[in-house]
Amino acid sequence: MFETLNVANRCNFSLSEIKYEYPEELVPAGETPATHLRKLTEEGARLRYPKGVPAKVRKLIDYELQLIAELRYDSFFLTIEDIVRYARSKDILCQGRGSAANSAVCYVLGITSIDPVRSGLLFERFVSAERREPPDIDVDFEAERREEVIQWVYARYGRDRAAICSTPDTTGPGTPAPVEDVPGRDAEGSDTPAPTADAPTADAPNTDAPNADAPNADAPKAAGPDAD
């Protein structure tokens, strides 16, 4: 028992030590992920707003960048921007979607196409200091040229640092209903079958809708310096 406790006391591993690592090569020499993300954001803002960045947009961008830096998600945004930049440089159709559309930073980086300020979207639905959950950016690429993006990711980051993940869908046609008929009582007090709740169904996974974000389906995931 003494030796068991001795070994147990020496085990100081914590799940908090498990964290994402993102590519260092995304950040030029002399810069940090935070400064480089700000630089790319400023460049993108000038392109999105050629007549000048509105004060409300400027305030939101500064707020988002501050929170992204505080939570150390800079490298994650740089990784997605890098992949999207490549796709657009090759005229490969791509589109960010989901809660990432709530981000002004994603909008000016060209990851999404919806102006969150004009649409009145809430950034905290995407990234929140209270939740402290890594953001999830879904990017779809055209099916005919998706493989080009995948192979580019392997070539740029190395096959030892990128992988394809998939999420099996077990809720398609043929799945048993989760709720069966249950005896109930009618107004007169007699037993009657309760209404049956139809099982929700979903189409089989769409293999033509790739996703560049790691943990989602059909997309390679790059690794490198820490984004937490």
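Everything that follows concerns the structure shown earlier in this document.
Residues numbered from 1 in each chain as written. Predicted model: local features only at pLDDT ≥ 70, side-chain atom pairs only at ≥ 80, totals over all residues. Heavy atoms only, no water.

Some details on helix α4 (residues 74-89)
No. 1: With 16 residues, α4 should cover 22 Å at 1.5 Å per step; its first-to-last C-alpha distance of 22 Å lies within 8% of that length.
No. 2: In terms of burial, α4 is largely enclosed, as 13 of its 16 residues are buried.
No. 3: One or two residues past the end of α4 sits Asp91, with phi positive at roughly 55°. (Helix = DSSP H or I, 4+ residues; strand = E, 2+ residues; numbered from the N terminus. Expected span 1.5 Å × (residues − 1). Buried < 20%, exposed > 50% of the residue type's maximum accessible area, 1.4 Å probe, protein only.)

A word on a nonpolar patch on the surface
No. 1: A contiguous nonpolar surface patch, about 380 Å² in accessible area, is contributed by Phe13, Leu15 and Ile18.
No. 2: Take Leu15: it is sitting in the loop between α1 (2-10) and α2 (33-48).
No. 3: Residue class for Leu15 comes out exposed when judged on its relative accessible area of 67%. (Patch = residues over 30% accessible without salt bridge, like charges linked within 9 Å, V, L, I, M, F, W, Y side chains within 5 Å. Areas by Shrake-Rupley, 256 points an atom, 1.4 Å probe, with all protein chains shown as cover. Salt bridge = Lys/Arg side-chain N within 4 Å of Asp/Glu carboxyl O.)

Here's the deal with the environment of Asp115
No. 1: Residue placement: Asp115 occurs in the loop between α5 (104-108) and α6 (116-119).
No. 2: Between the alpha carbons of Asp115 and Ser103 there is a distance of 8.2 Å; along the sequence they are twelve residues apart.
No. 3: Of the polar contacts made by the side chain of Asp115, one reaches the side chain of Tyr49; its length is 2.9 Å.
No. 4: A polar contact is formed between the side chain of Asp115 and the backbone nitrogen of Val117, at a distance of 3.0 Å. (Polar contact = N/O pair within 3.5 Å; in protein donor to acceptor, adjacent residues only side chain to side chain.)

With respect to the packing of α4 against helix α7 (residues 146-157)
No. 1: α7 packs onto α4 with a crossing angle of 125° between their chain directions and a minimal axis gap of 11 Å. Taken together, the axis directions place α4 and α7 in an arrangement best described as oblique. For the pair α4 and α7, the crossing hand works out as right-handed. For the pair α4 and α7, the contacting residues are Thr79, Asp82, Ile83, Tyr86 and Ala87 in the first and Glu148, Val149, Trp152, Val153, Arg156 and Tyr157 in the second.
No. 2: Class assignment of the residues belonging to the contact of α4 with α7 gives a composition of seven nonpolar, one polar and three charged. (Axes fitted to C-alpha atoms, helices over the stretch in contact; angles between N-to-C directions. Parallel < 35°, antiparallel > 145°, perpendicular 65-115°, else oblique. Left-handed = near helix turned anticlockwise from the far one by under 90°. Contact = heavy atoms within 4.5 Å. Nonpolar A, V, L, I, M, F, W, Y, C, P; charged D, E, K, R; others polar.)

A word on the nonpolar core
No. 1: One finds Phe77, Ile111, Phe126, Ile137, Val139 and Phe141 to be the most contacted residues of the largest nonpolar core, which totals 47 residues.
No. 2: Where this core is concerned, the elements lending two or more residues are α2, α3 (55-71), α4, α5, β2 (138-141) and α7.
No. 3: For Phe77, the contacting residues outside a window of four places in its chain are Leu37, Ile68, Val105, Cys106, Ile111, Phe126, Pro135 and Ile137. (Core = buried A, V, L, I, M, F, W, Y, C linked by side-chain atoms within 4.5 Å.)

Description of the environment of Thr79
No. 1: Positionally, Thr79 belongs in helix α4.
No. 2: Owing to a relative accessible area of 4%, Thr79 belongs among the buried residues under this scheme.
No. 3: It is 7.6 Å that separates the C-alpha atoms of Thr79 and Pro23, two residues lying 56 residues apart in sequence.

Structural notes on the packing of aromatic side chains
No. 1: Scanning the entire structure with this criterion turns up seven aromatic pairs.
No. 2: Look at Tyr86 and Trp152: their rings are 4.4 Å apart centre to centre, the planes differ by 10°, and that puts the pair in the stacked class. Placement of the pair is Tyr86 in helix α4 and Trp152 in helix α7, with a sequence separation of 66 residues. Each member of the pair Tyr86 and Trp152 is classed as buried.
No. 3: Where Trp152 meets Tyr157, the ring centres are 6.2 Å apart and the plane angle is 80°; that geometry is what we call edge-to-face. Residues Trp152 and Tyr157 agree in their burial class; the two are buried.
No. 4: Three or more aromatic residues link up through ring pairs in this structure, and these residues are Tyr63, Phe76, Phe77, Phe123 and Phe126.
No. 5: Between the NZ or CZ atom of Arg48 and the centre of the ring of Tyr107, over which it lies, the distance is 4.1 Å.
No. 6: Directly above the ring of Tyr154 sits Arg159, whose terminal nitrogen or CZ lies 4.1 Å from the centroid. (Phe/Tyr/Trp six-rings, centres within 6.5 Å; stacked < 30°, edge-to-face > 60°. Lys NZ or Arg CZ within 6 Å of the ring centre and 35° of its normal.)

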